[in-house]
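Here is how the chains run, residue by residue.
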Amino acid sequence: MVPNSIFGILAVSPLFSGAIGHMIMKSPTPYNLDIEPFVQVNPLGGPDYPFPCQNRFGVQSRTPLEAGGVTLVEFTGGAQHGGGSCQFSISYDDPGTGGWNKSASFKTVYSIIGGCPAHFTDESRNLPDAPADEQGRRNSAHCGNDSGIDCIRQFLVPLPPFLKNGPATFAWTWFNKIGNKEMYMTCAPVNITGGTEDGDEINSLPDIFVANIPGSPDVPTCVTGDNSEHLILNFPEPGAYGRVIEDPIEAKNKPQNYCSRIPGGSNLPTF
């Protein structure tokens, strides 16, 4: 239940201030949450925050996941950028090996179009700040559910029964609705049980959508639209499992390097 006091409350500062406040996934526990180099709230891009996972792979704790079950995903952060669309994925690539930035494969297990990780009565404003975490990353009020307004949502993400047992990386990727067209990614070390020993079926899942990553020659990407537009990304390959919370909003102004694979706003996936 969300306290009535937070409904309709808007931040005084505009949406684009305070870059330190962007969203991260906080549960399952990410790589480098509280060990250096700390996972940051910045979008992917350049040498400091490369794809995937900002190149963070320090294990603080490994969250247990059961194939065929669900996992609770929670977020924290101060700049919610009007929400957007997000994907959840699994990778079995070893982050400790060379080539992690070039070859890591993240297979989509769940996609959410719109309303992730928040939805607003006035999306041009951020939520008021709550106390920051130990590393100074900002926070805001939490819904405690997947449908609250003017608060940070949480989601129960179903996991395929055919996941391969053993250590893996669970990832959240986010394409924000308002502001600079960016890609955010937080990754968590997990241990999967109750699944399969070969994981062959995982290869049938689509790769996550990758875009809006500047300064990354090893990961060539397109852009999802013009920074001035409000967009809700319609994923080209969302997979079989997911939700449409808000209807997609397609870019009207398509830059030269626009992601041509993005479906039109009316082409809703069937989950």
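For the structure, check the block above.
Remember, it's a predicted structure, so these values are computed and weren't measured experimentally.

Going through the model one piece at a time under the given rule, you end up with four disulfides. The disulfide bridge from Cys-86 ends at Cys-116, spanning 2.0 Å between sulfur atoms. Measuring the twist about the S-S bond at about 100°, one finds the Cys-86-Cys-116 disulfide to be right-handed. Taken together, the positions of Cys-86 in strand 4 (residues 84-91) and Cys-116 in the loop between strand 5 (107-113) and strand 6 (118-119) put the pair 30 residues apart, joining distant regions of the chain. The exposure class assigned to Cys-86 is buried, which follows from its relative accessible area of 0%. You can call Cys-116 buried: its relative accessible area is 0%. Disulfide pairing places Cys-222 opposite Cys-259 at an S-S distance of 2.0 Å. In this structure, the disulfide formed by Cys-222 and Cys-259 twists by about 105° around the S-S bond and is classed as right-handed. Separated by 37 residues along the polypeptide, Cys-222 in the loop between strand 12 (184-193) and strand 13 (242-244) and Cys-259 in the segment after strand 13 bring together distant segments of the chain. Looking at Cys-259, the relative accessible area reads 1%, which means it is buried. For the protein chain, numbering the cysteines in disulfides from first to last along the sequence yields the connectivity 1-6, 2-3, 4-5, 7-8.

Secondary-structure assignment places Leu-44 in the loop between strand 1 (24-27) and strand 2 (63-66). Relative accessible area serves as the criterion here: at 3%, Leu-44 is assigned to the buried category. Along the chain, Leu-44 and Leu-268 lie 224 residues apart, while their C-alpha atoms are 27 Å from each other. When near neighbours in sequence (up to four residues on either side) are disregarded, Leu-44 contacts Tyr-49, Pro-50, Phe-51, Cys-53, Gln-54, Met-183, Met-185, Asn-212, Ile-213 and Pro-214.

Another point: the sheet that holds strand 1. With antiparallel pairing, the three strands of this open sheet are ordered in space as 1-3-10. Across the chains shown, the open sheet's two edge strands, defined by having one partner strand only, are strand 1 and strand 10 (155-158). Along the sheet, successive strands turn relative to each other by an average axial angle of 45°, direction set aside. Pairing of strand 3 (residues 70-76) with strand 10 involves four bridges; the strand directions are antiparallel. Opposite Val-73, over in strand 10, you have Phe-155 as the bridge partner.

Here we come to the sheet that holds strand 4. Pairing is mixed across the open sheet formed by six strands, whose spatial order is 2-12-11-4-5-13. With one partner strand each, in any of the chains shown, strand 2 and strand 13 form the two edges of the open sheet. When the angles between neighbouring strand axes are averaged without regard to direction, this sheet yields 30°.

The subject of this paragraph is empty space enclosed by the protein. Using a probe with the size of a water molecule, rolled over the atoms, empty space left in the structure can be pinpointed. Tallied over the entire structure, the rule returns two cavities of 30 Å³ or more. Taken together, 14 residues form the lining of the largest cavity, with Ile-232, Ile-249, Glu-250, Ala-251 and Ile-262 sitting closest to its centre. Grouping the constituent residues of the lining of the largest cavity by class yields nine nonpolar, four polar and one charged. Space inside the second largest cavity adds up to approximately 60 Å³. Lining of the second largest cavity is provided by Phe-175, Asn-176, Lys-181, Glu-182, Asn-212, Thr-224, Leu-231, Ile-232 and Leu-233. Looking at the lining of the second largest cavity residue by residue, the classes come out as four nonpolar, three polar and two charged.

Counted by the stated rule, this structure contains nine aromatic pairs. For the pair Phe-209 and Phe-235, a centre-to-centre distance of 6.4 Å together with 70° between the ring planes defines the contact as edge-to-face. On the criterion of sequence distance, the pair formed by Phe-209 in the loop between strand 12 and strand 13 and Phe-235 in the loop between strand 12 and strand 13 is long-range, its members being 26 residues apart. Classification of Phe-209 by relative accessible area gives buried; the value is 4%.

What counts, and at which threshold
- Residues numbered from 1 in each chain as written.
- Predicted model: local features only at pLDDT ≥ 70, side-chain atom pairs only at ≥ 80, totals over all residues.
- Heavy atoms only, no water.
- Disulfide = S-S within 2.5 Å.
- Helix = DSSP H or I, 4+ residues; strand = E, 2+ residues; numbered from the N terminus.
- Buried < 20%, exposed > 50% of the residue type's maximum accessible area, 1.4 Å probe, protein only.
- Contact = heavy atoms within 4.5 Å.
- Pairing = 2+ DSSP bridges.
- Axes fitted to C-alpha atoms, helices over the stretch in contact; angles between N-to-C directions.
- 1 Å grid on protein atoms, 1.4 Å probe; cavity = no way out; pocket = protein on both sides within 12 Å on 5 of 7 lines; lining within 4 Å.
- Points joined across faces, edges and corners; volume = space filled by probe spheres on them.
- Nonpolar A, V, L, I, M, F, W, Y, C, P; charged D, E, K, R; others polar.
- Phe/Tyr/Trp six-rings, centres within 6.5 Å; stacked < 30°, edge-to-face > 60°.

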